Amino acid sequence: MALSTIMRAAFGYLFLVLIVRVIGRRPGEQLTPFEFVLIFYIGGLTLTGVVGAEASLTNAVCQILTVALCHYGLVLLRLRSDRVMRLLDGSPLILLEKGGWRSETMYRMQIQDTDVMNVARDHGIRDLASIRLAVLETYGQINVMPQEPETGN
Amino acid sequence: MAEPSVSPVDDTVPKVDELAVGEDLVFQQRWWRFERFIWGVFLVVIMCDIAGLLGHGWLADAKASTPDGSLAIDYERIERGSSPSTMTLHFGPTAIHHGNVPVFVSDSVIRELGAQRISPQPAVSAIGSGGVTYLFSAIGGPADVQFQLEPNVPGLHQFRISVPGEPAIEARVLVLP
């Protein structure tokens, strides 16, 4: 039935959005090999259930259009509602502030001090004590701000 | 030339240490609680799957039989759409008359439960009375017939199977999408 293939495509998309959101963001600008495996494997498994025995080009086109519409709808909702934006993207999270770690955030987001230091080195920062603020962005990247140099008279 | 529309910049992103970060820790703590709950839900779904509550497992397997023992069936009370399964009909000696076993199968087995193949092939099949009556050649009991099913209509479906003249078996099958 045409309706069931459309509903399967929409369900598959929304289910994947939920799964990817729950699996969570991890630090790093590029996908790790583990994340490659996860994304391709989950995508492949979803495909078998969403497409089923309907291997026609018509079905493929209609399901792609359904996913495109669902995505456009989510983007519109995200744009118009702060709550939806928070739900889809999460919130930027402070990892290090005023010389102290946010230990609960670090634990829940499974981030270690070495992850922050990796990024800090990219910015020419020598040690953790020289970081003023470290933030885990909603897209998974860690940004660090160095301590401002003390101005002597 | 059209003028680009410009609106003033408001400092709407909350600041931390004079830096506009926009952290919402209250929301994030609620999300972490939701994540813990949803991981629990995932675990329950997998346990249900292993146990057979989502079909193809121990809790999905069902048996039904007539009081006189002429017919018994093994089937799955929970099926998965577009996924093959087997329904086995066991005939007792009292179901065999003059070297034949007649069996009535309601339309729902053919249509909603998607009967694909019958093994062995019936010698005769006749339609009517809301189903199909098959006639199998048999030399003695017990005897088995298998229906290969592949349901394609999600929902709760009732079916009826009987040896004409004997009590019928009526049962329901839940087909998951």
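Reading the values: rules and limits
Residues numbered from 1 in each chain as written. Chains lettered and ligands numbered in written order. Predicted model: local features only at pLDDT ≥ 70, side-chain atom pairs only at ≥ 80, totals over all residues. Helix = DSSP H or I, 4+ residues; strand = E, 2+ residues; numbered from the N terminus. Rg over C-alpha atoms; globule rule 2.2 N^0.38 Å. Contact = placed C-beta atoms within 7 Å. Domains from an automatic or database assignment. Expected span 1.5 Å × (residues − 1). Buried ≥ 20, exposed ≤ 12 C-beta atoms within 10 Å, placed from the backbone. Pairing = 2+ DSSP bridges. Axes fitted to C-alpha atoms, helices over the stretch in contact; angles between N-to-C directions. Parallel < 35°, antiparallel > 145°, perpendicular 65-115°, else oblique. Left-handed = near helix turned anticlockwise from the far one by under 90°. Nonpolar A, V, L, I, M, F, W, Y, C, P; charged D, E, K, R; others polar. Core = buried A, V, L, I, M, F, W, Y, C linked by C-beta atoms within 7 Å.

I tried to follow the overall build of chain B on my own but got confused; where do I start?
Check the secondary structure of chain B and you find two helices and 13 strands. Taking 2.2 N^0.38 as the reference for a compact globule, 177 residues should give roughly 16 Å; the C-alpha atoms of chain B span a radius of gyration of 29 Å, well beyond that estimate. Along the first, second and third principal axes, the C-alpha atoms of chain B reach 95 × 50 × 20 Å. Partitioning the contacts of chain B with sequence separation of at least 6, the portion at a separation of at least 24 is 63%.

So what exactly am I meant to see when it comes to the domain arrangement of chain B here?
Think of interface size as the accessible area that goes away when the parts come together; that is how it is often given. As assigned here, chain B comprises domain 1 (15-51) and domain 2 (62-176). Summarising the inter-unit geometry, the C-alpha centres of domain 1 of chain B and domain 2 of chain B are found 48 Å apart.

Before we go on, may I ask you to explain helix α2 (residues 33-51) of chain A in this structure?
Since the α-helix advances by 3.6 residues per turn, residues separated by three or four positions end up pointing in the same direction. Look at α2(A): 27 Å from first C-alpha to last across 19 residues, which is about the 27 Å you get at 1.5 Å a residue. Among the 19 residues of α2(A), one are classified as buried, and the element is accordingly described as predominantly exposed.

Honestly, the environment of Asp115(A) in this entry has me stumped. Any pointers?
Residues and elements named next belong to chain A. By secondary structure assignment, the location of Asp115 is in helix α6 (residues 113-122). For Asp115, a count of 19 C-beta atoms within 10 Å puts it in the partly exposed group. Each C-alpha atom of the pair Asp115 and Ile142 lies 8.3 Å from the other, and the pair is 27 residues apart in sequence.

Please explain the sheet that holds strand β4 (residues 142-146) of chain A as it appears in this structure.
Backbone hydrogen bonds hold the strands of a sheet together, and the pairing may be parallel or antiparallel. Residue and element names in this part refer to chain A. The sheet built from four strands is open, its strands ordered β2-β1-β3-β4 with antiparallel pairing. Looking at the sheet topology across the chains shown, the edges are occupied by β2 (100-101) and β4. Lying on the sheet, α6 is in contact with β1 (93-97), β3 (131-136) and β4; it crosses β4 at an angle near 65°.

Which parts of the structure should I look at to understand the packing of helix α1 (residues 2-23) of chain A against α2(A)?
For any two helices packed against each other, the geometry is given by the interaxial angle and the distance between the axes. All names here are of chain A. Contact geometry of α1 with α2 gives a least axis separation of 10 Å together with a crossing angle of 155°. Classified by the angle their axes make, α1 and α2 are roughly antiparallel. For the pair α1 and α2, the crossing hand works out as right-handed. Here Arg8, Ala9, Gly12, Leu16 and Ile19 of α1 lie close against α2, whose contacting residues are Ile42, Thr46, Gly49 and Val50. Considered class by class, the residues forming the contact of α1 with α2 number five nonpolar, three polar and one charged.

What's the story with the pairing of strand β3 (residues 61-65) of chain B in this structure? I'm lost.
Regular strands place their side chains on alternate faces of the sheet. Direction of pairing for β3(B) relative to strand β4 (residues 71-76) of chain B: antiparallel, over a ladder of five bridges. Considered in β4(B), the bridge of Ser65(B) is made with Ala72(B).

Which parts of the structure should I look at to understand the domain arrangement of chain A?
Partitioning chain A into structural domains gives domain 1 (2-89) and domain 2 (93-146). A C-alpha centroid distance of 30 Å is found between domain 1 of chain A and domain 2 of chain A.

Quick question: what am I supposed to make of the nonpolar core here?
For soluble globular proteins, nonpolar side chains are generally found buried alongside one another. Residues Leu71(B), Leu89(B), Phe91(B), Ala95(B), Val101(B), Val103(B) and Ile161(B) are the most contacted members of the largest nonpolar core, which totals 23 residues. At the level of elements, β4, β6 (85-91), β7 (100-106), β10 (131-137), β11 (143-149), β12 (155-162) and β13 (168-176) of chain B are the ones that each hand at least two residues to this core. Val103(B) has contacts with Leu89(B), Tyr134(B), Ile161(B) and Val163(B), leaving out every residue within four places of it along the chain. Counting residues in hydrophobic clusters, the runner-up holds 16 residues, among them Ile94(A), Ile125(A), Ala134(A) and Val144(A).

What am I meant to see in the packing of helix α3 (residues 57-80) of chain A against helix α4 (residues 82-89) of chain A here?
All names here are of chain A. Packing of α3 against α4 leaves a shortest axis separation of 5 Å and a crossing angle of 120°. The angle between α3 and α4 places the two elements in the oblique class. Judged by the twist between their axes, the crossing of α3 over α4 is left-handed. Taken together, the residues of α4 that come into contact with α3 (itself represented by Leu74, Leu77 and Arg78) are Val84, Met85 and Leu88. Here the residues of the contact of α3 with α4 sort into five nonpolar, no polar and one charged.

Just to check I follow, could you spell out the interface of chain A and chain B for this structure?
Contact with chain A, which involves 16 residues of that partner, is made by 14 residues of chain B. Counting only elements with at least two residues in the side of chain A that touches chain B, the list comes to β1 and β3 of chain A. Within the side of chain A that touches chain B, the residues separate by chemical class into eight nonpolar, three polar and five charged.

Sorry if this is basic, but what is going on with the sheet that holds β13(B) here?
Residue and element names in this part refer to chain B. With mixed pairing, six strands are arranged side by side in an open sheet as β5-β13-β12-β7-β10-β9. Lying at the two open borders of the sheet, with one neighbouring strand each, are β5 (78-80) and β9 (124-128). On average, adjacent strands in this sheet sit at an angle of 25° to one another, irrespective of strand direction. Pairing of β5 with β13, which is carried by three bridges, proceeds in the parallel orientation. Directly across from Ile78, in β13, lies its bridge partner Leu174.

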